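Listed below, chain by chain, are the residues.
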Amino acid sequence: MKFFSTNRSAPQVGFEEAVVNSLPADNGLYFPEEIPVLSQQIINKLKAASLVSVGYEMMWPFVEGTFSQHQLKQIVEEVFSFDIPLVQVEEGIQSLELFHGPTYAFKDVGARFLARCLGQFSKTSDKEVTILVATSGDTGGAVANGFLGVEGVNVIILYPSGKVSDLQEKQLTTLGGNITALEVAGDFDACQALVKQAFLDKELNQTLSLTSANSINIARWMPQSIYFAKMALELSDPAALIAVPSGNYGNITAGMLAKRMGFPLGHFLACSNANDVVPRYLESCEFDPRPTIATYANAMDVSKPSNFPRMLELYHHSFDDLIADVDGFSLSDEEILRTIKACKASTDYLCDPHGAIGYAGLKEKLKVGQQGVFLETAHPVKFAPTMAQALGEELEIPAFANDLMKKEKTARSVSSSFDEFKAYLMAK
Ligand SMILES: *Cc1c(COP(=O)(O)O)cnc(C)c1O
């Protein structure tokens, strides 16, 4: 399969080059030249299949020619070493729990797939790869965990100082080895801008082999479609409303990809916190980013979602087609707290601050008789102070979190200046 740039002025490339480059030189995003539609026969066959089998069928057309069937099987088997259950929250509402992986957030799926792809590539190359990753909280931990100890790969994580939770910070600053954490004086968009600029800098790219582990990378982005497909096969309502807490819009666009591949997914609800550029776009057809606002759902504190071009591409740049498939919804911090408390009181289910936006979206938008699913994108304990504030009592802290909190943080403080960042990378 070839991948083209959404800006259409960079050459088409194969899977390996798209993964290793991460970003086309024209500053677009890679996108598959053709979206394979699985036959009804294959989809029926997958109804009772595992995540591994669904993942294999979905990813094969994209990696054919790069990996053997055996290699792909091995990769998906290693990725899905944990479950992604659909849990009943109340009549008509289910939660897709994406937090059962090693770093307790959905980003484990994409990060593990990407790490294993790069691990495969590095077997046939003697070049060291440097992974740059900007994180609003969960990506850093998932990537660090996925890549720890992978030979030939160095990981540099940029995170906004003071804007990730304590547990998230520990997940990305305590591993050591081939993982380095940079604590940036700035917000997530500043981190993302540094990484993007590094990819576009000729001199840096002549010196280092840079790869991104953000959802701009197709090997991070595409495998997220697998759990949407698996969920679609488990739902009894083909018109179900799927509420996806969104920041960079990688997760929801992966869901749209699964739908285009033939899986019965009803309607999407793009759920944002106060950083509501996409819900506003869906109302007005005007893309009007504003400065980032810090919220309790901090993994979604993004003002310019990097996957927005993919969303347009998935609907052939037709605003009418897009809004026929997706609605927007946004929730204030105050309402996030109130929703966590109300959901716990009426259902005994604990939503994290991101999932809570999805739950609130369903409560507002579900039609009579329509089923709804919201994606629980992270474990509530990753946001313990916010949870305590919402619930009026401390969360019970699981052992994994206590152990992690005892570890010592190692991070290098940097400014948001690109020149300084570049000098640091050149000296490596
Ligand atoms: C990253 C993240 C999101 C946003 O996902 P995108 O793919 O960036 O839209 C939502 N919730 C949590 C907990 C996250 O870590």
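Residues numbered from 1 in each chain as written. Predicted model: local features only at pLDDT ≥ 70, side-chain atom pairs only at ≥ 80, totals over all residues. Heavy atoms only, no water.

Let's shift gears to the layout of surface pockets. By volume, the largest pocket is sized at about 530 Å³. Considering the residues around the largest pocket, the lining is formed by 26 residues, among which Val20, Asn21, Asn205, Ser209 and Leu210 are closest to the centre. Sorting the residues of the lining of the largest pocket by element identifies α1 (15–21), α5 (107–123), α8 (188–200), α9 (202–207) and β8 (209–212) as the ones contributing at least two each. If you tally residues by element for the lining of the largest pocket, the top one is α1, at 4 residues. For the lining of the largest pocket, the per-class residue count stands at 15 nonpolar, 6 polar and 5 charged. Here the second largest pocket defines a volume of roughly 330 Å³. Residue lining of the second largest pocket: 18 residues in total, with Gln192, Lys196, Lys304, Pro305 and Ser306 positioned closest to the centre. Those elements that place two or more of their residues in the lining of the second largest pocket are α8 and α14 (308–314). (1 Å grid on protein atoms, 1.4 Å probe; cavity = no way out; pocket = protein on both sides within 12 Å on 5 of 7 lines; lining within 4 Å. Points joined across faces, edges and corners; volume = space filled by probe spheres on them. Helix = DSSP H or I, 4+ residues; strand = E, 2+ residues; numbered from the N terminus. Nonpolar A, V, L, I, M, F, W, Y, C, P; charged D, E, K, R; others polar.)

Residues in close proximity to the ligand total 15 residues, the closest being Lys107, Asp138, Gly247, Asn248 and Thr377. Here an oxygen atom of the ligand sits 2.9 Å away from a polar atom, N or O, in the main chain of asparagine 251. In the model, a nitrogen atom of the ligand is placed 2.8 Å from a nitrogen or oxygen of the threonine 377 side chain. Here the ligand loses 98% of its free accessible area of 380 Å² to cover by the protein chains. When atoms are counted within 2 Å of each cavity's grid points, the one that captures over half of the ligand is the largest cavity. Counted by class, the shell around the ligand contains 6 nonpolar, 7 polar and 2 charged residues. (Near = heavy atom within 4 Å. Polar contact = N/O pair within 3.5 Å; in protein donor to acceptor, adjacent residues only side chain to side chain. Areas by Shrake-Rupley, 256 points an atom, 1.4 Å probe, with all protein chains shown as cover. Sits in = over half its atoms within 2 Å of the grid points.)

Enumeration over the complete set of coordinates arrives at 16 aromatic pairs. Residues tyrosine 281 and phenylalanine 319 carry aromatic rings whose centres are separated by 5.4 Å and whose planes lie at 85° to one another, so their mutual orientation is edge-to-face. A residue pair is termed long-range when its members are at least 10 positions apart, and tyrosine 281 in helix α13 (residues 277–284) and phenylalanine 319 in helix α15 (residues 319–325) qualify at 38 residues. You can call tyrosine 281 buried: its relative accessible area is 8%. By way of ring pairs, the aromatic residues Phe3, Phe15, Phe67 and Phe121 are connected into one cluster. (Phe/Tyr/Trp six-rings, centres within 6.5 Å; stacked < 30°, edge-to-face > 60°. Buried < 20%, exposed > 50% of the residue type's maximum accessible area, 1.4 Å probe, protein only.)

What follows covers the UniProt feature "domain: Threonine synthase N-terminal" (unreviewed entry) in the protein. Per the UniProt record, "domain: Threonine synthase N-terminal" (unreviewed entry) is found at residues 2–78. Helix and strand shares over residues 2–78 are 47% and 8% respectively, and the end C-alpha atoms of the span are 25 Å apart. (UniProt positions renumbered as here; feature names shortened; annotations may be inferred.)

Another aspect to go through is the side chain of threonine 139. The residue threonine 139 is located in helix α6 (residues 138–147) in this model. Among residues more than four places away in sequence, those in contact with threonine 139 are Lys107, Val133, Ala134, Ala213, Asn214 and Arg220. (Contact = heavy atoms within 4.5 Å.)

The residues that UniProt annotates with the feature "domain: Tryptophan synthase beta chain-like PALP" (unreviewed entry) are residues 97–367. What you have in residues 97–367 is 48% helix and 15% strand, and the ends, taken at the C-alpha atoms, are 23 Å apart.

On to the pairing of strand β6 (residues 153–160). For β6, the tally of buried residues reaches 7 of 8 residues, placing the bulk of the element in the interior. Of the strand pairs in this sheet, β6 and strand β7 (residues 179–184) are connected by 6 bridges, and their pairing is parallel. Pairing of isoleucine 156 across the sheet is with threonine 180, part of β7. (Pairing = 2+ DSSP bridges.)

Our next topic: the sheet that holds β7. On the basis of which strands lie adjacent, the open sheet formed by 5 strands has the order β8-β5-β6-β7-β13 and parallel pairing. Edge positions in the open sheet fall to β8 and β13 (412–414), since each of these has one partner strand only. Here the strands of the sheet are splayed against their neighbours by 30° on average, with no regard to which way each runs. α8 rests against β5 (129–134), β6, β7 and β8 of the sheet, and its axis sits at about 150° to β5. (Axes fitted to C-alpha atoms, helices over the stretch in contact; angles between N-to-C directions.)

Phe15 and Ile242 are the most contacted members of the largest nonpolar core, which has 98 residues in total. Residues within four places of isoleucine 242 in sequence aside, it is in contact with Phe228, Met231, Leu235, Leu265, His267, Phe268, Leu269, Val373 and Leu375. Core analysis: the second largest hydrophobic core is formed by 31 residues, Phe99, Leu167, Leu269 and Leu391 among them. (Core = buried A, V, L, I, M, F, W, Y, C linked by side-chain atoms within 4.5 Å.)

Strand order in this open sheet of 6 strands is β3-β4-β12-β9-β10-β11, and the pairing throughout is mixed. Two strands bound the open sheet, and with one partner strand each, they are β3 (86–90) and β11 (326–330). Neighbour to neighbour, the strand axes of the sheet diverge by 25° on average, direction disregarded. Along the sheet face, helix α12 (residues 250–260) touches β9 (241–245), β10 (267–272), β11 and β12 (372–376) and points at about 175° away from the line of β10.

With 6 of its 8 residues buried, helix α18 (residues 384–391) lies for the most part within the structure. Listed in full, the buried residues belonging to α18 are Ala384, Thr386, Met387, Ala388, Ala390 and Leu391. Each element contacted by the buried residues of α18 is listed here: α16 (333–347) and α17 (353–365). Where α18 ends, the next residue or the one after it, glycine 392, has phi of about 75°, a positive value.

Looking now at the pairing of β9. Here is the key point about a regular strand: its side chains alternate between the two faces of the sheet. In terms of burial, β9 is largely enclosed, as 5 of its 5 residues are buried. Covered by surrounding structure in β9 are Leu241, Ala243 and Pro245 together with Ile242 and Val244, the residues of both alternating faces. With 5 bridges connecting them, β9 and β10 associate as parallel partners. The residue of β10 that forms the bridge with isoleucine 242 is phenylalanine 268. Relative to β12, β9 runs parallel, the two being bridged by 3 bridges.

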